[in-house]
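Residue-level structure breakdown
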Amino acid sequence: YRISYDPTRYPKYIPEAYCLCKGCLMGIFGEENFHFRSTPVYMPTVILRRTSACAGGRYVYTEDYVTIPVGCTCVPEPEKEAESVNSSIDK
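Residues numbered from 1 in each chain as written. Predicted model: local features only at pLDDT ≥ 70, side-chain atom pairs only at ≥ 80, totals over all residues. Heavy atoms only, no water.

- By the naming in an unreviewed UniProt entry, the protein chain is Interleukin-17D, taken from Dryobates pubescens.
- Comment text from UniProt for the protein chain, heading Sequence similarities (unreviewed entry), reads "Belongs to the IL-17 family."
- The heading Subcellular location (unreviewed entry) in the UniProt record of the protein chain holds the text "Secreted". (UniProt positions renumbered as here; feature names shortened; annotations may be inferred.)

This is the structure:
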């Protein structure tokens, strides 16, 4: 995890996941398999964002919806043949 910091947000600190490997660790010895790729998993959440307004000597906050990476998962890599067929269709 990495810690995201924003002084105008509540909470100011938010842990964000990031994937350490390009492929996925699989098998009994945890070898990296490049037929799969590590992809972040996101979760929408609500934070409070400080505005420039002030009410009664206190900051005013508004709700803000953000998407935060909370973990990683494995997804299969597309087949190379399928990519070349699709790219010729797109042309």
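Considering the sheet that holds strand 2 (residues 9-10)
- On the basis of which strands lie adjacent, the open sheet formed by 3 strands has the order 2-6-7 and antiparallel pairing. Both edges of this open sheet fall to strand 2 and strand 7 (58-76), since each of them pairs with a single strand only. (Pairing = 2+ DSSP bridges. Helix = DSSP H or I, 4+ residues; strand = E, 2+ residues; numbered from the N terminus.)

Considering the side chain of T39
- Position of T39 relative to the elements: it lies in strand 6 (residues 36-55).
- Of note is the side chain of T39, whose polar atom sits 3.1 Å from the side chain of R37.
- In contact with T39, other than residues within four places in its own chain, are C19, G71, C72, T73 and V75. (Polar contact = N/O pair within 3.5 Å; in protein donor to acceptor, adjacent residues only side chain to side chain. Contact = heavy atoms within 4.5 Å.)

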